[in-house]
Amino acid sequence: MEAAVTSHKPIEHAVLTRAALPEQGAEAVRRGASGEAPGAAASSGAAASPNAGASPGAPASPGTGALGAGRGLWISSTYFAEGLPYAIAHKVAGEFFTAAGASLEIIGLTSLYGLPWNLKFLWSPLVDLHGSSRRWLVGAEIALAAIVLGLAAAADSGAVWLVAALFGAVAVAAATHDIAVDGFYLQALDKDAQAAFSGLRVGAYRLALLAGALLVAFAGWASFGAAFAVAAGGLALLAIAHAARLPRPAAAPVAGTAPGAGAGGLRRYIEPFRAYLRQPRIASSLSFILCYRAGDALMFAMSSPLLKSLGLDTAARGNVGGVGTVASIAGSILGGVIIKRWGLSRTIFPIALAQSLAILLYVALAWARPALPWVVALVTLEQLAAGIGTAVLAVFLMRRCVDGYKSSHFAIGSALMSVSATFAGSASGYLAARAGFTAFFAIAFAASIPGVVLSRWVPRD
């Protein structure tokens, strides 16, 4: 289940590990943008540690010594802070309404909390044009801590609609925080360091998703109010630490603002979109991006209600989700190794097919209603396949990024990918309520087939 959480997120939560970096020209990738920001100064990596004492432009080995340790600390903490609110707005929200006895329709509609991630590219220029990414990052974390503290107060009060509204506020603040974290990463590190630390930021983000599963398990043992209070405290501590210790890299010029550029603000805003749409065979690429995760989105949205119907309480579902997250991390690593060894052109179709077939494991769960050990085994296998599939999509989106607009183009592609996750997931409850779980997961499998077919027609270079 847990790897499918990341299918909502503009890969920003897709995973490409360092194993796949040589094929990508050492471009870093995760749920956000990867690659050098348009117009970014290549010398910004020296500012990665507040006490490093390195002058701007001074290269440093990213993985060794105090400088590497300082960088690793803020990279891991900022990406953990990015992943935790996402897990709250998706995984924990669905579990909360499942435990509250909400209808399948309402539980499915929690997928709409993905809308801010679908649309965040619309306000991402504000982060570049007003203030620094560092200030946006810390400010968003303070806001998130306050909102989640509000959730802690409302969760056990029975005010379900207030809780629903606060989850929406978490989603908006978290999507804005994502923009700031990814922008800060690109600004504070040079291109080589971005690649070198790619695995670390992926691991920190996935660890936060695991923490989300543990919050669910803790809520089953204590209460959701207590779980949200713990999360709010963690976010507040992260905000304090980041305000005190994050480096202060020099601001990079915004693309198109150099003297003589001669482009107005509106033109600078729309040019990345025009460049994206001018790519060869863009229609097949867009269709593939929109369809690739549709089946997984349907499946994930109803995974918790299915497990509840199989007799798993909140704590047990949290534990199973944790095991699934570990499997998805392993799958992401394995996917990166496979792509590096055989290339995208040879692996995109078989991996898309394997990801699609794995949905049938949920059909088996719904039909056979097996004992707990089999539930854990089948969920783990599905999440392993989903993790491998995520790595393929990450590479494909990177290949669609044009020089000069890599950050914008990755955000565009990953946002398009998450559209199907949001809207397919929001319809899932209505389908499951009418068709029953077995037929519903068979429909989810059918929804995955167009993505498999399109994988044979998309550009692969």
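Every residue gets a number counted from 1 within its own chain, in the order that chain's sequence is written. Reporting of local features is limited, given that this is a predicted model, to residues whose pLDDT is at least 70; pairs of side-chain atoms are given and counted only at 80 or more, and all residues count toward the totals for whole chains, interfaces and linings. Neither water nor hydrogens contribute to the side-chain values; these are computed over all heavy atoms in the structure.

For helices, the fitted line uses only the C-alpha atoms of the stretch in contact; every axis is such a line through C-alpha atoms, and the angle between N-to-C directions lies from 0 to 180 degrees. Segments assigned H or I by DSSP are reported as helices when at least four residues long, segments assigned E as strands when at least two residues long, and all are numbered from the N terminus. At a closest axis distance of 8 Å, the pairing of helix α6 (residues 133–155) and helix α7 (residues 160–188) adopts a crossing angle of 160 degrees. Our classification of the angle between α6 and α7 gives roughly antiparallel. The interaxial crossing formed by α6 with α7 has left-handed handedness. Residues are sorted three ways: Asp, Glu, Lys and Arg are charged, Ala, Val, Leu, Ile, Met, Phe, Trp, Tyr, Cys and Pro are nonpolar, and all the rest, Gly among them, are polar. Considering only residue class, the contact of α6 with α7 consists of 20 nonpolar, 6 polar and 2 charged. Any angle from 65 to 115 degrees is called roughly perpendicular, while one under 35 is roughly parallel, one over 145 is roughly antiparallel, and all others are oblique. If you view the pair so one helix is near and one far, a crossing is left-handed when the near helix is turned anticlockwise from the far one by less than a right angle, and right-handed when it is turned clockwise.

Looking now at the confidence of the model for the protein chain. The predictor attaches a confidence to each residue, and that confidence, scored 0 to 100, is pLDDT. Averaged over every residue, the pLDDT of the protein chain is 79; residues scoring 70 or more account for 79%. Mean pLDDT values over the elements of the protein chain span from 40, in helix α1 (residues 2–5), up to 97, in helix α17 (residues 360–368). We call two residues in contact when some of their heavy atoms are within 4.5 Å. This model gives residues 1–66 a pLDDT under 50, and the stretch forms 241 contacts once residues within four places in sequence are excluded. Note on residues 257–263: pLDDT is under 50 here. Beyond four places in sequence and across chains, it has 4 contacts.

What follows is about the pattern of salt bridges. We count a salt bridge whenever a side-chain nitrogen from Lys or Arg sits within 4 Å of a carboxyl oxygen from Asp or Glu. The full count for this structure, using the stated rule, is 6 salt bridges. Ionic pairing is found between Glu-95 and Arg-317, a salt bridge with its closest N-O pair at 2.7 Å. Residue Glu-95 is located in helix α2 (residues 65–99), and its partner Arg-317 is located in helix α15 (residues 314–342); the two are separated by 222 residues in the primary sequence. Accessibility classification places Glu-95 together with Arg-317 in one group, the buried group. Between Arg-293 and Asp-296 there is a salt bridge, with its nearest N and O atoms 2.5 Å apart. One network of salt bridges, in which partners are shared, links Lys-91, Glu-95 and Arg-317. Accessible area is worked out with a 1.4 Å probe on protein chains only. A residue is then buried under 20% of its type maximum, exposed over 50%, and partly exposed in between.

A few words on the environment of Gly-94. Here Gly-94 is to be found in helix α2. Taking C-alpha positions, Gly-94 is 8.3 Å from Ser-111, a pair spaced 17 residues apart along the chain. The contact partners of Gly-94, leaving out residues within four places of it in the chain, are Ile-107 and Thr-110.

With that settled, the discussion passes to the nonpolar core. Note on terminology: a nonpolar core comprises buried Ala, Val, Leu, Ile, Met, Phe, Trp, Tyr and Cys residues joined through side-chain atoms within 4.5 Å. Counting 67 residues, the largest nonpolar core has Ile-88, Phe-167, Phe-228 and Phe-441 as its most contacted members. With residues up to four places along the chain from it excluded, the contact list for Phe-441 reads Met-299, Met-302, Leu-306, Ile-359, Tyr-362, Val-363 and Ala-366. Counting 26 residues, the second largest nonpolar core, distinct from the first, contains Phe-288, Tyr-292, Val-392 and Met-398.

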